[in-house]
Amino acid sequence: MVADEMQENQTPQVLPRIRTPSQTFDNTQQSAQPDTQPVLPAKSVSQPTHESRLGLLDDNINDYEDPDLFHPSLHRMNTPDMDVSLHVPCQTKGRYNSLCSDDGLLEEDDTLWQDGGLSNLQGSVYLPNTGRLAAATKEDSSQLAAVIKMGWLDKNPPQGALYYQRRWVKLDVDYLRYFDNDKEVYSKGIISTAFITNVTSVGELKFEVVTNNRTFIFRAESEVERNDWVTVLLDCTRGRSHPNVMSLGSPLTPDHQGYLELRGLRSKLYTVVASDKVFLYKSIEDYRIGVGITSIEMNVGNVKDTDRRSFDLTTPYRIFSFIAESEQLREQWVDAMRFAIGEALSNSEVAERIWAEPSNSLCADCGAPKPEWAAINLCVVVCKRCAGEHRGLGPSVSKVRSLKMDKKVWTEELVQVFLLLGNERVNSFWAANIPPSEALTPSSCSEDRRRFIANKYRQGKYRKYHPLYGNQKELNNALCINVQCSDVLETLSLIFCGADVNCSTGMASFPTPLSLANTHSQPLQAELLSHNLNTELPRSEVGEAMDAIHYSAPPCVSHNGFLFKTASMARAITERKGKEEFSRRWCTLNDGTFSYYESDKNSNPNGSLKASEIACLAVDPTEKHGYEHSFELYSESERLYLFGTDQPDSHKEWVKSIAKSFIPATAEPLLRLGFERIGRLKYKDGLNLQTSKVGWFALVGSKLHAYLADSQGEEIHLRKLNELSIQQDNEVLVLVEKGRTLYIEGERKLDFAGWCGAIQAAAGSGGDTLSQQQLTETDIPVIVDSCIGYITQCGMTSEGIYRKSGVNSRVAALCERFRRDARSLCLREGEHQVDDVSNTLKRFFRELEEGLFTSEDASTWLSTAAIQDESMKISQYQLLLNRLPRVNKATLQALINHLYLVQRFSEQNQMNLHNLAIVFGPTLFQTDGKDYTAGRAIEDLIQHYTLIFEVDEQQLKKQLDMIEAINQMRDKLSTKFPSTEPGGHFICTVYLEEKKDTAEQHVKIPGAMTAAELTCEVLDLRNISVKRKEYWSCWEVSDKEEMERPLHYQERVLPILHSFGTDSHLLIKKHLAMDAMIIYLANKVDASKQGMMKFREERSILGLSTGSFHDRYFILNSNSLRMYKEVRSNRPERDWPVKSLTVYLGIKKKLRPPTCWGLTVVYVSKKPEKPDRQQWYICCDTQSEMREWYATFLTIQSDGNVWPQDGLQQTRVSRVIPDTRHGNVSLIPLRGSENEMRNSVAAFSQDPLAVSQPTNHWD
């Protein structure tokens, strides 16, 4: 206990001890070999599942030290890259060298040895005085292959010393080894794991490794590390039988054994030659209990006689000078060691097998013949000169092994990997982009080789980038998928493009890709993974942004059968294919390849298509072609393949199997849909419109299902899109939803054209029922929403609205345009007449298939109108309302809400409740209008609208107030700006770039026209095209105040005209600062700004001019603009709501602003009980500062929508001269008896001209 405490608390800095030989050996050495023949432990077996564990070992070893305990004089090497494990007395100053490699030991040229041969050596581990060995890395290949754990530990030295010595410790299957440092090749001690009986934790951070005869104590740096060592050691030794001594029953019988003197020690070591290794033990007793000094790999050894009883065992790292007891014994030792060298070098069979693959017979880097080395993790076979440069990369990049010497490394699986891949296939990845000027030849110099090999493997400069490069999540997912199949080259590509070999698979039973490969019986995949568990990946970046795409799973589906096939085509199919154009073919889908044969007897296919080459699968409508069921395959090479069959089950199975073969696991839910078209497309969305991504899409009815990058899948309701258009020369399909725009790109023209046609057809009206119409977000048909919105804006006070008939040709044309694509038609005042629009709405409901109330329940609605009890009637209406389909219910509520608002303005439009019911009763119930039953039902719905539809009274009041405000504005504008147009347009003079006669343009301003639309209109009239990075804007200019401001592109123009004085005008010009403002805003984290500015009010509180500007501190955020007297002030002097401010550029010169970078700010209070208008001025010190303040104001007031995402879109608004003829449609009288009105309605419903076909007038 005392000793333990002293050891735990004591950490002295003590130099290595120097002992005399008498202190080392307590027992006398025996000259004769023992009668028994001890046997070495079993050969080490590679444990790939542990190779990734590079922490510290968990074995406790008794205090056994090797040579440094029994050297009377130690001479350690002090050169920075050299170190030794065995130390001998220093008789002459020699230089030491340590040559080792994690990747295998390279043969050294004879030229590495200079003058002064080995015979000049005076010590057993000295190099020639002038000789030199080439530098190498730090580990012996044999030891690396089986390493389970390694790291630094403190080891308790022998004989009860009170301090610990720091040791580099390694554990493999057969031995626990400890070294003086992590650069040494030969250990200071080895402990056979077969003799370890127990491993336990003792004391603070310490643990014991117990054998039958000794206990070794180690100390770790942390408790976690200590526990890890203990666990690993117990795992390594568990289940083994623990022999007391080495015996003949051991699996490896020594070829020769006995005592040899190591020159300079004057002591003998028990030496054992076994197979291709030499083991050194302190004594035969230590050999028998499995505790030794070190082992020497003979694949790099050479034996040379030196004198009568001496011989040298030379390795690239040490020269061991042995002395035998007699010449005869020396000959036996030399023969035994040379036999071990031959055993180690006898593996030429591996080289011959590797060379059987023709491309492996030439170096993968320089093309030299018969390469004898290989980088087993990179899967390339290289020559000796290139192998030296590979070794220089370090084992974390290239694990170099000899084809002829490293026998244990070359498992059958590894050999098969090299035969399967070969240098040619591997170089299709590693050397895909080598410039001819950088390529190596067999005569290339070392400098060129070093540069090329570093570029090729460390930097990955020439590799073929995987499509998933840069998308770590998808790379890992792809690796987990691919290791389950046989494509080893794909796995290599994934690994060296960034896939994490140790990533989680998400499955507890198979947590890593390696376990997945083993589970799915893929030994070659497992072999490649096991050699790359700790590989340092190439660290170069791609020169340009790589497309991050989802991974196509290696297909594991198979199917076969007869199909009928046409010849492949390079253009879309535009006509029906008859049966005579098809040929019967035997088709197979296997191992990711779809092949078709002349018949099921043929072995060579007529053609094949890999699953990875399939871009789209389209399922044709029944009987589209001669065969009842058919489908189309679109390839990456712009070819179309048409297949057909008359068997629905066969057709369904083929479609399902082919789709499963090329759709990735991330988009697998698409396979469960009854899709009409499925495949991959490039797209852009969100804020990043520079980089295209790849998504997987499936079209099902009017819905587009998509699995985009990093999404869990989403649905796009095509009939609810705000916009659907094809732009940029038919290469981009634009889908605009509420709050989002998706750009689908035409990477391949053939399948993209098919997608565009299919999506446009699905997005259009699919029939004459309500649910088949193009819908808004609230499930109201676009035609209904557009007509109601237009009449609310322009027709609420129109006398006889819905009773007066429009011009038949225009009504028919509007109906047809709405039917083709309702979302593309924008109703504009002046272009479209109120009565034309109102009649279009009525005609839509009259021609609606199954009607608004559905054919099933329409009669119930009519009978409900006869119920006398009002409360019972309302309850029945509510019941029937809830039974309507979702779209019908939403449409009915929108229409009745509109009619309710119309009748509230009956004093102006003459359409009271009764008149509206007379008009809409027969229209909505599709009756002849000869009785008032239908009208009574509509009258009930309008009259009791708030009760039946449970309407919020406050919301209804807001709608009425809004209509009232629109009407008042229209009245004021019609007084101030009398129109010269019959449609009610306002004429305004707009100037282009400057105010002068030659630059003025007279423009009609509809009520809904925005600043962007006005800008485009003027530019269009002047034939000016908008170039990229040109920000044309509409400006409000005040000559009197000497200020101006650009209108927001969505700002309505008419209210600005209404607020104008006689000294103001509109100007169309470029916003030169907009680009800088957008860049500034893009780099801001949040929409806020603060700083000092000079401030002046228009007038003081007393009504007097303040006379000068004063410094004030301003803070602008999303809610308010606050002004403080100084930076340190706690309470603001003024606080304005930011969205109530109008900010202009410029300040009147008569105010004498201190700088020319000023803003005029106008505040108008919106409180009706206390109207207030303030105007004040602020000055900035620089132009950029003013620009930043103005940009921040703009982004806050527009909620971040400063400029249209797609830029200013010029649009030519088509104008149609109003048709002043009334046509032959019967007019409904505005006033008259009820019978007269009913007869007029009946005449309207029966008039054949009311449903006439559209004319070419609108085309």
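Residues numbered from 1 in each chain as written. Predicted model: local features only at pLDDT ≥ 70, side-chain atom pairs only at ≥ 80, totals over all residues. Heavy atoms only, no water.

A.B. asks: Is there a simple way to think about the overall build of the chain in this case?
C.D. replies: Across its full length, the chain holds 32 helices and 44 strands. Considering only intrachain contacts with a sequence separation of at least 6, the fraction spanning at least 24 residues in the chain is 65%. Entry remark: accessible area of the chain is about 56,100 Å², with carbon and sulfur atoms responsible for 48%. (Helix = DSSP H or I, 4+ residues; strand = E, 2+ residues; numbered from the N terminus. Contact = heavy atoms within 4.5 Å. Areas by Shrake-Rupley, 256 points an atom, 1.4 Å probe, with all protein chains shown as cover.)

A.B. asks: How do you make sense of the sheet that holds strand S11 (residues 291-292) when you look at a structure like this?
C.D. replies: Hydrogen bonds between backbone groups are what pair the strands of a sheet, and the pairing can be parallel or antiparallel. One open sheet holds the eight strands; their spatial order is S5-S6-S7-S1-S2-S3-S4-S11, and the pairing between them is antiparallel. Across the chains shown, the open sheet's two edge strands, defined by having one partner strand only, are strand S5 (196-202) and S11. Bridging between strand S6 (residues 206-211) and strand S7 (residues 215-219) involves five bridges; their strand directions are antiparallel. Residue pairing for S7: Lys206 is matched across the bridge by Arg219. Packing of helix H4 (residues 223-237) onto the sheet brings it into contact with strand S1 (149-155), strand S2 (165-171), S5 and S6, and relative to S5 it is tilted by some 165°. (Pairing = 2+ DSSP bridges. Axes fitted to C-alpha atoms, helices over the stretch in contact; angles between N-to-C directions.)

A.B. asks: Could you clarify how one ought to interpret the pairing of strand S13 (residues 302-305) in this entry?
C.D. replies: Remark: a regular strand shows side chains that alternate across the two faces of the sheet. In the sheet, S13 pairs with strand S14 (residues 310-314) via four bridges, with the strands oriented antiparallel. Note on S14: the bridge partner recorded for Asp305 is Phe311. Between the antiparallel neighbours S13 and S14 lie four residues.

A.B. asks: Can you walk me through the pattern of salt bridges in this structure?
C.D. replies: Two side chains that carry opposite charge are able to pair once their charged atoms sit near each other. Summed over all chains, the structure comprises 61 salt bridges. For Asp172, the salt bridge identified is with Arg177, shortest N-O distance 3.2 Å. Each member of the pair, Asp172 as well as Arg177, carries the same accessibility label: buried. Arg1122 serves as the salt-bridge partner of Asp1135, at 3.4 Å between the closest nitrogen and oxygen. You can see Asp1135 sitting in strand S41 (residues 1134-1137) and its partner Arg1122 sitting in strand S40 (residues 1120-1124), a full 13 residues away along the chain. A relative accessible area of 42% places Asp1135 in the partly exposed class. On the basis of relative accessible area, Arg1122 is assigned to the partly exposed category, the value being 32%. Connected through shared salt-bridge partners, Glu636, Arg680, Lys682, Glu747, Arg748 and Asp751 make up one network. (Salt bridge = Lys/Arg side-chain N within 4 Å of Asp/Glu carboxyl O. Buried < 20%, exposed > 50% of the residue type's maximum accessible area, 1.4 Å probe, protein only.)

A.B. asks: Looking at this structure, how should I read the side chain of Gln1001?
C.D. replies: You can see Gln1001 is positioned in strand S34 (residues 1000-1005). Taking the relative accessible area as the measure of exposure, Gln1001 reaches 17% and is therefore buried. Here Arg1022 takes part through its side chain, which lies 3.0 Å from a polar atom of the side chain of Gln1001. Contacts of Gln1001, omitting those with residues within four sequence positions, involve Cys988, Thr989, Val990, Leu1021 and Arg1022. (Polar contact = N/O pair within 3.5 Å; in protein donor to acceptor, adjacent residues only side chain to side chain.)

A.B. asks: Hey, could you run me through the nonpolar core in this one?
C.D. replies: A general feature of soluble globular proteins is that nonpolar side chains tend to end up buried together. Tyr802, Phe845, Phe853, Trp861, Leu892, Ile938 and Leu941 are the most contacted members of the largest nonpolar core, which totals 68 residues. Ranked by residues supplied to this core, first place goes to helix H22 (residues 886-904) with 10 residues. With residues up to four places along the chain from it excluded, the contact list for Trp861 reads Phe853, Tyr877, Leu880, Leu881, Leu884, Leu892, Phe925, Ala937 and Leu941. Counting residues in hydrophobic clusters, the runner-up holds 59 residues, among them Cys1016, Leu1081, Ile1178 and Leu1208. (Core = buried A, V, L, I, M, F, W, Y, C linked by side-chain atoms within 4.5 Å.)

A.B. asks: It is not clear to me how the confidence of the model for the chain should be interpreted in this structure. Could you clarify?
C.D. replies: The predicted coordinates should not be examined in detail at positions where pLDDT is low. For the chain, the mean per-residue pLDDT works out to 77, and 77% of the residues sit at or above 70. Mean pLDDT across the elements of the chain ranges from a minimum in helix H2 (residues 21-24), with 34, to a maximum in strand S17 (residues 380-382), with 95. Here residues 540-555 is a poorly scored stretch, pLDDT under 50, and it has 60 contacts once near neighbours within four places are set aside; other chains count. (pLDDT = per-residue confidence, 0-100.)

A.B. asks: In this structure, what is going on with the environment of Ser275? I would like to understand it.
C.D. replies: With respect to the element layout, Ser275 can be found in the loop between strand S9 (268-274) and strand S10 (277-281). Residue Ser275 is classed as buried on the basis of its relative accessible area of 11%. The spacing of Ser275 and Gly342 is 67 residues in sequence and 9.5 Å in space, taken between C-alpha atoms.

A.B. asks: Honestly, the packing of H22 against helix H24 (residues 913-925) in this entry has me stumped. Any pointers?
C.D. replies: A pair of packed helices is captured by two measures, namely the crossing angle of their axes and the spacing between those axes. The N-to-C vectors of H22 and H24 enclose an angle of 155°; their axes lie 10 Å apart at closest approach. With respect to their mutual orientation, H22 and H24 come out roughly antiparallel. The two elements H22 and H24 cross, and the hand of that crossing is right-handed. Within the contact between the two elements, H22 uses Leu895, Leu899, Val902 and Gln903 and H24 uses Leu913, Leu916, Phe920 and Leu924. (Parallel < 35°, antiparallel > 145°, perpendicular 65-115°, else oblique. Left-handed = near helix turned anticlockwise from the far one by under 90°.)

A.B. asks: Could you clarify how one ought to interpret the pairing of strand S36 (residues 1043-1046) in this entry?
C.D. replies: Bridge count between strand S35 (residues 1032-1038) and S36: four bridges; the pairing is antiparallel. Along S36, the bridge assignment pairs Glu1036 with Arg1045. Following S35, the chain reverses through four residues before pairing antiparallel with S36; Glu1042 in that reversal takes a positive phi of roughly 55°.

A.B. asks: In this structure, what is going on with H24? I would like to understand it.
C.D. replies: Think of an α-helix as 3.6 residues a turn; residues three or four steps apart then line up on the same face. For H24, spanning 13 residues, the distance from its first C-alpha to its last is 17 Å, which sits close to the expected 18 Å at 1.5 Å a residue. Taken as a whole, H24 carries its principal kink of about 30° at Val919; the proline Pro922 stands between one and four residues after it. The element H24 is largely enclosed, with a buried count of 12 among its 13 residues. Within H24 the residues assigned to the buried category are Leu913, Asn915, Leu916, Ala917, Ile918, Val919, Phe920, Gly921, Pro922, Thr923, Leu924 and Phe925. For H24, the N-terminal cap is Asn912; the gap from its side-chain oxygen to the backbone nitrogen of His914 is 3.2 Å. Following H24 by one or two positions, Gln926 has its phi on the positive side, about 55°. (Expected span 1.5 Å × (residues − 1). Bend = angle between axes of the 7 residues up to and from the residue.)

A.B. asks: Can you help me understand unusual backbone geometry in this one?
C.D. replies: Generally, phi is negative for residues other than glycine and the peptide bonds are trans, each holding for most cases. Its identity is not glycine, yet Leu205 carries a phi of approximately 65°, on the positive side. Here Leu205 lies in the loop between S5 and S6. Backbone geometry at Asp779 places phi at a positive 65°, although glycine is not the residue there. Considering the arrangement of structural elements, one finds Asp779 in the loop between helix H16 (749-763) and helix H17 (782-794). In this structure Asp779 comes out as buried when scored by relative accessible area, which is 9%.

A.B. asks: I keep staring at H22 and nothing clicks. Help me out?
C.D. replies: Given a rise of 1.5 Å per residue, 19 residues ought to cover 27 Å, and the 28 Å separating the end C-alpha atoms of H22 matches this to within 8%. The element H22 is largely enclosed, with a buried count of 15 among its 19 residues.

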